[in-house]
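So the chains spell out like this:
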Amino acid sequence: MVSIIFYFQVHQPFRLKNYNFFDIGKDTLYFDDVKNREVLLKVAQKCYLPTNKLLLSLIKQHEGRFKLSFSITGTVIEQFKEYAPEVLDSFKALVDTGCVEILSETFYHSLAFLYSKSEFIEQVLAHKELIRKEFSYETKTFRNTELIYNNALARTVNDLGFKTILAEGADHVMDWRSPNYLYSPKDCPEMTLLTKNYQLSDDIAFRFSNQSWEGYPLTSEKFAGWTHQFAGNGDVINLFMDYETFGEHQWKDTGIFNFLEHLPSSILRHSDFQFLMPHEAGDQYSSVGELDVHHFISWADEERDLSAWRSNPLQFHAFQRIYALEQHVMKSQDIELIHMWRLLQTSDHFYYMCTKFAADGDVHKYFSPYGSPYDAYIAFQNVLADFETRVANKVVSYCG
């Protein structure tokens, strides 16, 4: 029996304003509330609400045989609550079916593990508590920001009690191995490691509407046929992608919703296929071996490494400056400042500073609210200049 494991990332950052030098010392409202509300409501109407409605219908139609999973960041949940509570309710309705798993990650969709293990743990525990509070759901599976992963991360997550973890099935890591089997992280034999089948995932997420692609047009029957080829030659097919694929990255008029509507029945026509949630995989299959990942991998860009966030001096300087504030921010004991500091850790701020060109550069530009990576860096640095002063004043006041 081969299992299809669907995982969708749901995330929106709190985008910064075009904060300039003359705002320093005068304006403590760093985030573009108008832009954040506009984007959230647009994506809610194009993706979250219609796709959630369709998925709920599919779960009922297939009487529990269709299953999937989400990671929903703390930052997007905060925006749901502020701008579109009906979206949060629609996710809760999906979870209530028992056919949807919610995954843990960092609350602020940060790269904290790279800079502060203690901060990383705090954000993971905060996210776990948020999911418990909002969904009455106890998370069992971990997925790090942008599928960033290595051996050390897996050991830390294992120590936090998670039994399943997701990672990118990068070629330079998998080598001759197939992503269509379960693995164990190095030195964590009791953990289940699921690796993304990026070829099939990207056929949906990136190539679906590309008319020059040899697989165009992609129908549910064609895609199901591709998965069915793995019958007897794999245990799991891990399809991991941004949830915004449906209706936002791939617009409605591309046929993406029609594709999704018919995909479960097309796949289930083969009697040896089923859908599973990530935490169920370890109960049905055994690991075929240990996967040793020394260097960080991710699901971003062609390199599938950290270069989307750490490939130029702008990004390195911004990271160094924000994490240098950790002890001072914590010493302030100011809940608002701590929350603000963590919002500034969100990976998107650094992603916008990426200076890559070609196809990867086009993707970065698509997501960025700035005219250039340099504009993103300048706005971030100006915000930090004001924020550092606020933190210093608060620490002096607290210590005094």
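This text goes with the structure placed above it.
Residues numbered from 1 in each chain as written. Predicted model: local features only at pLDDT ≥ 70, side-chain atom pairs only at ≥ 80, totals over all residues. Heavy atoms only, no water.

Student: Can you break down the overall build of the protein chain residue by residue, with the values?
Tutor: For the protein chain, the helix and strand inventory stands at 16 helices and 10 strands. For 400 residues, the compact-globule formula gives about 21 Å, and the C-alpha radius of gyration of the protein chain, at 21 Å, lands near that figure. Looking at the 400 residues of the protein chain, the share that counts as buried comes to 59%. Of the contacts made within the protein chain by residues no fewer than 6 positions apart, 77% connect residues no fewer than 24 positions apart. Summing over all exposed atoms, the protein chain offers an accessible surface of approximately 16,700 Å²; the carbon and sulfur share of this is 51%. Taking the average place of the 37 positive charges on the side chains of the protein chain and the average place of its 53 negative ones, the gap between the two points comes to 3 Å. (Helix = DSSP H or I, 4+ residues; strand = E, 2+ residues; numbered from the N terminus. Rg over C-alpha atoms; globule rule 2.2 N^0.38 Å. Buried < 20%, exposed > 50% of the residue type's maximum accessible area, 1.4 Å probe, protein only. Contact = heavy atoms within 4.5 Å. Areas by Shrake-Rupley, 256 points an atom, 1.4 Å probe, with all protein chains shown as cover. Lys, Arg positive; Asp, Glu negative; His and termini not counted. Charge placed at Lys NZ, Arg CZ, Asp CG, Glu CD.)

Student: Give me the lowdown on the packing of aromatic side chains, citing residues and values where you can.
Tutor: Two aromatic rings, taken as a pair, are described by how far apart their centres are and by the angle between their planes. Taken as a whole and assessed by the stated rule, the structure comprises 37 aromatic pairs. Residues Phe 142 and Phe 162 carry aromatic rings whose centres are separated by 5.6 Å and whose planes lie at 50° to one another, so their mutual orientation is tilted. On the criterion of sequence distance, the pair formed by Phe 142 in strand S4 (residues 141–142) and Phe 162 in the loop between helix H5 (151–159) and strand S5 (164–167) is long-range, its members being 20 residues apart. Its relative accessible area of 0% is what places Phe 142 among the buried residues. One aromatic cluster is present, built from ring pairs that chain together Phe 6, Phe 8, Tyr 48, Phe 66, Phe 70, Phe 80, Phe 91, Tyr 243, Phe 246 and Phe 275. One Lys or Arg, Arg 143, reaches over the ring of Trp 299 and ends 4.8 Å from the middle of that ring. Directly above the ring of Tyr 198 sits Arg 304, whose terminal nitrogen or CZ lies 4.0 Å from the centroid. (Phe/Tyr/Trp six-rings, centres within 6.5 Å; stacked < 30°, edge-to-face > 60°. Lys NZ or Arg CZ within 6 Å of the ring centre and 35° of its normal.)

Student: Can you break down the nonpolar core residue by residue, with the values?
Tutor: Core analysis: the largest hydrophobic core is formed by 120 residues, its most contacted members being Tyr 48, Phe 70 and Phe 91. Beyond its immediate sequence surroundings of up to four residues, Phe 70 is in contact with Tyr 7, Phe 8, Val 10, Asn 52, Leu 55, Phe 91, Leu 94, Val 100, Glu 101, Ile 102, Leu 103 and Tyr 243. Counting residues in each nonpolar core, the second largest holds 13 residues, with Ile 5, Val 236, Phe 240 and Trp 299 among its members. (Core = buried A, V, L, I, M, F, W, Y, C linked by side-chain atoms within 4.5 Å.)

Student: A description of the environment of Ile 121 should follow, citing residues and the corresponding values.
Tutor: Counting through the fold element by element, Ile 121 comes out in helix H4 (residues 117–135). The exposure class of Ile 121 is partly exposed, given its relative accessible area of 22%. Ile 121 has contacts with Thr 156 and Leu 160, leaving out every residue within four places of it along the chain.

Student: Break down the environment of Ile 297 for me, with residues and values.
Tutor: Locating Ile 297 in the fold gives a position in the loop between strand S10 (290–291) and helix H11 (313–323). As a C-alpha pair, Ile 297 and Asn 158 span 139 residues in sequence and 18 Å in three-dimensional space. Setting aside residues no more than four positions away along its own chain, Ile 297 makes contact with Leu 147, Ile 148, Tyr 149, Glu 168, His 172, Val 173, Arg 304 and Asp 305.

Student: How would you summarise unusual backbone geometry if you had to cite specific residues and measurements?
Tutor: Put simply, Tyr 216 and Pro 217 share a cis peptide bond, and its omega is -5°. Along the chain, Pro 217 falls in the loop between helix H7 (198–205) and helix H8 (220–228). Phi angles above zero are rare outside glycine, and Ser 136 is one such case at about 50°. For Asp 175, which is not a glycine, the phi torsion comes out positive at approximately 55°. Examined against the element boundaries, Asp 175 turns out to sit in the loop between helix H6 (171–174) and strand S6 (184–185).

Student: Summarise a nonpolar patch on the surface; cite the residues concerned and give the values.
Tutor: Together, Val 363, Tyr 366 and Phe 367 line one region of the surface with nonpolar side chains, adding up to about 260 Å² of accessible area. Looking at where Val 363 falls in the secondary structure, it is placed in helix H15 (residues 358–367). (Patch = residues over 30% accessible without salt bridge, like charges linked within 9 Å, V, L, I, M, F, W, Y side chains within 5 Å. Salt bridge = Lys/Arg side-chain N within 4 Å of Asp/Glu carboxyl O.)

Student: Which residues make up the sheet that holds S4, and what values go with them?
Tutor: Each strand in a sheet pairs with another by means of backbone hydrogen bonds, the pair being arranged parallel or else antiparallel. With parallel pairing, three strands are arranged side by side in an open sheet as S4-S5-S7. Sheet topology places S4 and strand S7 (192–195) at the edges, where each strand pairs with a single neighbour. With four bridges joining them, S5 and S7 adopt parallel strand pairing. When the sheet's bridge partners are listed, Ile 165 is paired in S7 with Leu 193. (Pairing = 2+ DSSP bridges.)

Student: Tell me about the side chain of Asp 386, residues and numbers included.
Tutor: Among the structural elements, Asp 386 can be located in helix H16 (residues 373–399). Within the structure, the side chain of Asp 386 is placed 2.6 Å from the backbone nitrogen of Gly 25, a separation counted as a polar contact. (Polar contact = N/O pair within 3.5 Å; in protein donor to acceptor, adjacent residues only side chain to side chain.)

Student: Can you break down helix H2 (residues 74–83) residue by residue, with the values?
Tutor: It helps to recall that an α-helix has 3.6 residues per turn; residues three or four apart then point in one direction. Among the 10 residues that make up H2, seven are buried, leaving the element largely enclosed by the rest of the structure. Within the span of H2, buried status applies to Gly 74, Thr 75, Val 76, Ile 77, Gln 79, Phe 80 and Tyr 83. On the buried face of H2, the contacting elements are strand S1 (2–10), helix H1 (33–61), strand S2 (68–72), helix H3 (85–95), H4 and helix H13 (335–343).

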